[in-house]
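These are the residues of each chain, in order.
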Amino acid sequence: MLQSASTTAGPSVRVGVVGVGVMGSNHARVLAEFPGVVLAGVADPDRKQAHFVGSTLGCRSVGSIEELLDCGVDAVSIAAPTHLHRDIALACIARGVHVLVEKPIASTVAEGEDIIAAARRAGLTLMIGHVERFNPAVQAIAEAIRSEDILSIAITRVGPFPPRMSNVGVVIDLAVHDIDLICWFTGSKIIEVQPQLSNAVAEREDIALLQFRTASGVLAHINTNWLTPFKARTVHVATKRKYVIGDLLTRQVTECYGFQPDGSYSMRHLSVGHAEPLRAELTAFIKAIREGTPPPVTGEDGVASLAIAIQCLNGRADTEISPQAVPYVEAPAPRRVRPAIVKS
Ligand SMILES: NC(=O)c1ccc[n+]([C@@H]2O[C@H](COP(=O)([O-])OP(=O)(O)OC[C@H]3O[C@@H](n4cnc5c(N)ncnc54)[C@H](O)[C@@H]3O)[C@@H](O)[C@H]2O)c1
């Protein structure tokens with residue numbers, strides 16, 4: 001179904017967005033401006049919201065996934081609530097459509113594996129929206145530690161209560177980003193978890209201190225909560241020869257190196273790009289479709305981070321990881337103010 005486009009060397013890709021709430025409306029905004037991509041339509045059972053996004057961006061708006069598929073799409077971004085990811089992804093894959101699924105991949109490991117199996121059988125691209133990998137600061141950190149011997153990773157992702165509370169806690173909502181980063185930075189798997197969780201104010205965990213050991217021997221730590229009055233996102237990586245510090249919000253990345261016996265060392269700021277992470281993520285998705293190459297964040301990556309997050313929720317200290325599915329329940333989203341289409 002790829003059509004010839006005058007703006008690019010290759011054929012244009014017709015993409016739809018499923019679920020145009022906070023995240024999906026941003027996917028639609030980015031896709032609408034993409035060279036070589038046609039935003040074929042958006043689908044959301046909240047017809048007012050679908051119409052608002054469709055009319056703002058100049059594309060069709062429909063109320064269901066079936067109507068969107070009938071518009072003729074090559075690919076979709078799925079940004080509906082997580083408990084719907086599996087069924088929506090399977091419906092799209094059954095119609096031969098490539099899928100990008102927002103993080104977390106699904107509500108359970110088994111559901112995530114269903115999506116992977118279906119995409120593999122159909123020979124379609126499946127990518128998971130772990131957008132933090134495309135943060136230029138994260139990419140600068142990854143580059144700085146690429147050939148280093150990593151010893152430890154400490155990630156802080158804290159902030160105030162989100163304005164709209166769904167009934168997932170900080171582990172599924174926030175820590176899953178950093179679990180993915182730890183696996184990606186180390187190129188390894190997490191094999192031990194030591195979670196400490198507490199729900200100080202919310203019904204679900206709103207503080208999590210999570211410790212991990214990877215198969216490659218790296219110790220990692222995630223400090224995440226919804227109790228800090230300001231947002232902070234930092235990554236510290238200790239390697240044998242360097243200490244790298246990144247601020248994911250200000251996008252400043254610094255490395256300390258040249259450690260001397262007297263305790264002195266050198267420091268330098270690393271160059272960091274300024275691309276919008278969501279744009280970079282969607283560019284990678286379209287590229288994988290066009291070239292038939294594996295996407296940078298695979299379904300297996302998505303399942304791996306979800307499995308670890310679920311293991312943390314199980315609250316078992318010092319456990320070895322088994323890929324068991326432990327469902328968490330995501331309730332329908334509460335009533336909300338219509339999300340604006342803003343640059344993220
Ligand atoms: N990558 C990130 O940083 C990030 C950030 C926020 C949310 N997310 C993920 O994005 C997804 C959506 O989160 P959100 O915060 O945008 O939620 P949201 O509630 O703002 O939006 C979800 C939208 O999906 C619609 N919807 C419900 N049922 C649907 C169906 N059957 N078909 C199509 N649309 C349907 C809702 O009406 C709503 O407009 C979740 O999986 C969430 O985990 C990822």
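Structure shown above.
Everything numeric in this text was worked out from a predicted model, so none of it was measured.

A few words on the pairing of strand β5 (residues 75–78). Across the two faces of β5 the burial is the same, with A75 and S77 and V76 and I78 all buried. Where β5 meets strand β6 (residues 98–102), 4 bridges bridge the pair, whose relative direction is parallel. Its bridge partner being in β6, I78 is matched across the sheet by V101. For the handedness criterion, the β-α-β arrangement of β5, helix α4 (residues 85–94) and β6 is classed as right-handed.

The contact between α4 and helix α5 (residues 109–122) brings their axes to 9 Å, and the two run at 10°. Relative to α5, the element α4 is oriented roughly parallel. Here α4 contributes H85, R86, A89, L90 and I93 to the contact with α5, which in turn contributes E111, D114, I115, A118, A119 and A122. Its residues assigned to classes, the contact of α4 with α5 shows 7 nonpolar, 1 polar and 3 charged.

With that out of the way, let us pick up the pattern of salt bridges. The tally for this structure, following the rule as stated, stands at 19 salt bridges. A salt bridge links R95 to D70; the shortest N-O distance between them is 2.8 Å. Of this pair, R95 sits in the loop between α4 and β6 while D70 sits in helix α3 (residues 65–70), and the two are 25 residues apart along the sequence. Across the salt bridge formed by E143 and R146, the nearest N and O atoms sit 2.3 Å from each other. Of the residues examined, E143 reaches a relative accessible area of 47% and is grouped as partly exposed. Using a relative accessible area of 61% as the deciding quantity, one classes R146 as exposed. Salt bridges linked by common partners bring E148, R241, K242, E255 and R268 together as one network.

Among the secondary structure elements, H85 is positioned in helix α4. A residue is classified by how much of its surface remains accessible, and H85, at 1% relative accessible area, is buried. Not counting the four nearest positions on each side in its chain, H85 is found in contact with I78, A80, V101, E102, P104, I105, A106 and I115.

What follows is about the nonpolar core. Core analysis: the biggest nonpolar cluster contains 96 residues, and V76, I141, I153, F185 and F212 have the highest contact counts within it. No other element matches the 11 residues that helix α7 (residues 170–186) contributes to this core.

The next subject is a nonpolar patch on the surface. Nonpolar side chains collect at one region of the surface, where Y243, F259, Y265 and M267 lie side by side and expose about 420 Å² of accessible area between them. Inspection of the secondary structure puts Y265 in the loop between β14 (252–257) and β15 (266–269).

One can find N135 in the loop between β7 (126–129) and α6 (136–144). Its relative accessible area of 3% is what places N135 among the buried residues. It is 8.7 Å that separates the C-alpha atoms of N135 and G273, two residues lying 138 residues apart in sequence. If we ignore the near neighbours within four places in the chain, the residues touching N135 are L248, R251 and P277.

What follows is about α5. Taking 1.5 Å per residue, 14 residues should reach 20 Å; α5 reaches 20 Å between its end C-alpha atoms and fits that length. The secondary structure elements touched by the buried residues of α5 are α4, β7 and α9 (299–314).

Okay, α7 next. An α-helical segment advances 3.6 residues per turn. Residues three or four places apart therefore align on the same side. In a regular helix each residue adds 1.5 Å, so 17 residues correspond to 24 Å; α7 covers 23 Å between its end C-alpha atoms and thus fits that length. Remark: the principal bend of α7, roughly 40°, maps to V176. Counted residue by residue, α7 has 15 buried out of 17 residues, so it is predominantly covered. Once α7 finishes, G187 follows within two positions and takes phi at roughly 60°, a positive value.

A few words on the pairing of β7. Side-chain alternation along β7 places L126 and I128 on one buried face and M127 and G129 on a second face that is also buried. The sheet contact formed by β6 and β7 spans 4 bridges and is parallel. If you follow L100 over to β7, its bridge partner there is M127. Read as a crossover between parallel neighbours, the route from β6 over α5 to β7 is right-handed.

Calculation criteria
Within every chain, residues take consecutive numbers counted from 1 along the sequence as written. Only residues with pLDDT of 70 or above have their local features reported here, since the model is predicted, and side-chain atom pairs are shown and tallied only from 80 upward, although totals for entire chains, interfaces and linings are computed over all residues. Values shown for side chains rest on all heavy atoms present in the structure; no hydrogens or waters enter the calculation. Classification of residues uses two cut-offs on accessible area relative to the type maximum, computed with a 1.4 Å probe and protein chains only: under 20% is buried, over 50% is exposed, and between them is partly exposed. Secondary structure follows DSSP: runs of H or I at least 4 residues long count as helices, runs of E at least 2 residues long count as strands, and numbering of each begins at the N terminus. Strand pairing requires that DSSP identify at least two bridges connecting the strands. When the strands point away from the viewer, a crossover counts as right-handed if the path from the first strand over the helix to the second runs clockwise. Orientation is described by lines fitted to C-alpha atoms, with helices fitted over the stretch in contact, and by angles between N-to-C directions that extend from 0 to 180 degrees. Between 65 and 115 degrees an angle is taken as roughly perpendicular, under 35 as roughly parallel, over 145 as roughly antiparallel, and anywhere else as oblique. Note on contacts: a residue pair is in contact if any heavy atoms of the two residues lie within 4.5 Å. Charged residues are taken to be Asp, Glu, Lys and Arg, nonpolar residues to be Ala, Val, Leu, Ile, Met, Phe, Trp, Tyr, Cys and Pro, and polar residues to be all remaining types, Gly included. Salt-bridge detection follows one rule: a side-chain nitrogen of Lys or Arg within 4 Å of a carboxyl oxygen of Asp or Glu. We call a set of buried residues a nonpolar core when its members are Ala, Val, Leu, Ile, Met, Phe, Trp, Tyr or Cys and they connect through side-chain atoms within 4.5 Å of each other. Each patch is built from residues that are more than 30% exposed by relative accessible area and take part in no salt bridge. Like charges join if they lie within 9 Å; nonpolar side chains (Val, Leu, Ile, Met, Phe, Trp, Tyr) join within 5 Å. The Shrake-Rupley method, run with a 1.4 Å probe sphere, supplies the accessible areas, and residue values consider only the shown protein chains as cover. Multiplying 1.5 Å by the helix residue count minus one yields the expected span of that helix. We define the bend at each residue as the angle formed by axes fitted to the 7 residues ending at it and the 7 residues starting at it.

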